[in-house]
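# Examination of the molecular architecture
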Amino acid sequence: MLEKEAYPALDALTSKVSTLNLEHVRKIKSRLVSISGGVHKVRDELEHLLDDDADMADMHLSEKLVYQASAGQSSRFDVGKGPGEFDEEREDDEIEREEEDDDDDRSTAFTPKIDELENLLEAYFVQIDGTLNKLSTVREYVEDTEDYINIMLDDKQNQLLQMGVVLSTATLMITCAIVVTGVFGINIHIALFRITDTNVFWEATGGMIAGAAALFATAMLYYRKNGILR
């Protein structure tokens, strides 16, 4: 269910980066982390059980209960025996119990057949391991999508920075032209002010615009040559 929901959401985020898509992917990632943690714990427990035969033997509750019941019946004493016979039998039982504790063979210990349980646990382990692999694949896809989104955002940021450089350079060139205009606007008496031909005004204006454009073009060539702009 999570896998079917994750891939379309990630594809939608890749095609269009929006707040809604980002929030949807964030929720999916939180659920993915939570589920992966639980599945990983179950896998570790199954692996621990498969590695320890004693734990698998303890899981045979029915056989263990039958064994304990039969052991309890065999340890009951006969109420018809006399006190002396009971004491002797109890001493013999204690000696035999100590010998059984020291015996490494433990032939009478509870040893159920764990083959069937081991096969069942192995089947569960394979299923859980497959689920964990699917979750890992989804997590890798999420991480790849995040890397792709970060690359896209970095590219957009670089484009904005380049646009800022271009606008700043254009502003500088226009400011230079304004400075020249301000110099001509100073209230001083020069021979140029006594000229009645209006063509001089347009020539000066055109010269300032051409000079600013030439400086701007030179700056752009310099930026591209040094790798500041692409």
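Residues numbered from 1 in each chain as written. Predicted model: local features only at pLDDT ≥ 70, side-chain atom pairs only at ≥ 80, totals over all residues. Heavy atoms only, no water.

### Re the overall build of the chain
Within the chain, the secondary structure is distributed over 7 helices and 0 strands. When the helices and strands of the chain are placed in sequence order, the string is α-α-α-α-α-α-α. Within the span of the chain, comprising 230 residues, buried residues form 17% of the whole. Nonlocal contacts in the chain, meaning residues at least 24 apart in sequence, comprise 77% of its contacts between residues at least 6 apart. (Helix = DSSP H or I, 4+ residues; strand = E, 2+ residues; numbered from the N terminus. Buried < 20%, exposed > 50% of the residue type's maximum accessible area, 1.4 Å probe, protein only. Contact = heavy atoms within 4.5 Å.)

### Examining a negative patch on the surface
On the surface, Glu140, Glu143, Asp144 and Asp147 cluster together to form a negatively charged patch. As for its placement among the helices and strands, aspartate 144 is situated in helix H6 (residues 115-184). (Patch = residues over 30% accessible without salt bridge, like charges linked within 9 Å, V, L, I, M, F, W, Y side chains within 5 Å. Areas by Shrake-Rupley, 256 points an atom, 1.4 Å probe, with all protein chains shown as cover. Salt bridge = Lys/Arg side-chain N within 4 Å of Asp/Glu carboxyl O. Lys, Arg positive; Asp, Glu negative; His and termini not counted. Charge placed at Lys NZ, Arg CZ, Asp CG, Glu CD.)

### Regarding the UniProt feature "transmembrane region" (unreviewed entry) in the chain
As recorded in UniProt, the sites labelled "transmembrane region" (unreviewed entry) are residues 165-192 and 204-223. Overall, residues 204-223 shows 100% helix and 0% strand. The separation of its end C-alpha atoms is 29 Å. (UniProt positions renumbered as here; feature names shortened; annotations may be inferred.)

### A word on the nonpolar core
If you look at the biggest cluster of nonpolar residues, it comprises 14 residues, and the most contacted ones within it are Leu2, Val25, Ile28, Leu32, Leu135, Val138 and Val142. Within the residue set of this core, elements represented by two or more residues are helix H1 (2-15), helix H2 (19-51) and H6. With 7 residues, the next largest nonpolar core counts Leu49, Met56, Leu121 and Phe125 among its residues. (Core = buried A, V, L, I, M, F, W, Y, C linked by side-chain atoms within 4.5 Å.)

### Structural notes on the pattern of salt bridges
Summed over the entire model, instances satisfying the criterion amount to 5 salt bridges. One salt bridge in this structure joins arginine 31 and glutamate 5, with 3.0 Å as the shortest N-O distance. With arginine 31 in helix H2 and glutamate 5 in helix H1, this pair connects stretches of sequence that are 26 residues apart. A residue is classified by how much of its surface remains accessible, and arginine 31, at 36% relative accessible area, is partly exposed. Of the charged contacts in the structure, one is a salt bridge between arginine 26 and glutamate 23, with a shortest N-O distance of 2.6 Å. One end of the pair is arginine 26 and the other is glutamate 23, both in helix H2 and 3 residues apart, which spans about a single turn. Residue classification places arginine 26 among the partly exposed positions, given a relative accessible area of 45%. Members of the salt-bridge network, linked through shared partners, are Arg43, Glu47 and Asp129.

### Some words on the packing of aromatic side chains
Under the definition given, this model contains 2 aromatic pairs. Here tyrosine 7 and tyrosine 141 contribute two aromatic rings whose centre-to-centre distance is 4.9 Å and whose plane-to-plane angle is 70°, an arrangement assigned as edge-to-face. Of this pair, tyrosine 7 sits in helix H1 while tyrosine 141 sits in helix H6, placing them 134 residues apart in sequence. (Phe/Tyr/Trp six-rings, centres within 6.5 Å; stacked < 30°, edge-to-face > 60°.)

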